[in-house]
Amino acid sequence: MDEEEDKRLSALAPEVSRLSIALLRRAVGTYPAERVAQEALDCADDILERYGTDGLRVLAMSLACWATVQVEINSHASGRPLESLLDDMQLTWLEVDTEG
């Protein structure tokens, strides 16, 4: 990432991070689970409209950071290695992969 790009993305980070937390507040505990995907799409569409592709990139970075921290917390709390948790996530993905 060059300096100009870093400045552009850094300027968007606080607001997009706030929106990613708002997304998680709406999505956590949502039933049926398909509504989580709809909340995510609505959030991404809103960010794309407001901030363009840079906003989407910041959203991806923000959500990746939140997810990484939560996997690490879960690993520590459960005493399971990170790879074990990630393997479980991949197995879940494989189980729902309808094209594979």
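Residues numbered from 1 in each chain as written. Predicted model: local features only at pLDDT ≥ 70, side-chain atom pairs only at ≥ 80, totals over all residues. Heavy atoms only, no water.

**Details of the overall build of the protein chain**
Right, on to step 1. Of regular secondary structure, the protein chain possesses three helices and zero strands.
Right, on to step 2. Reading the protein chain from its N terminus to its C terminus gives the helix and strand order α-α-α.
Right, on to step 3. Projected onto its principal axes, the C-alpha coordinates of the protein chain cover approximately 40 × 30 × 30 Å.
Right, on to step 4. When the 100 residues of the protein chain are sorted by exposure, 20% land in the buried category.
Right, on to step 5. Carbon and sulfur atoms make up 58% of the accessible area of the protein chain, which totals about 7400 Å².
Right, on to step 6. For the protein chain, the separation between the mean place of its 9 positive charges and that of its 20 negative charges on side chains is 8 Å. (Helix = DSSP H or I, 4+ residues; strand = E, 2+ residues; numbered from the N terminus. Buried < 20%, exposed > 50% of the residue type's maximum accessible area, 1.4 Å probe, protein only. Areas by Shrake-Rupley, 256 points an atom, 1.4 Å probe, with all protein chains shown as cover. Lys, Arg positive; Asp, Glu negative; His and termini not counted. Charge placed at Lys NZ, Arg CZ, Asp CG, Glu CD.)

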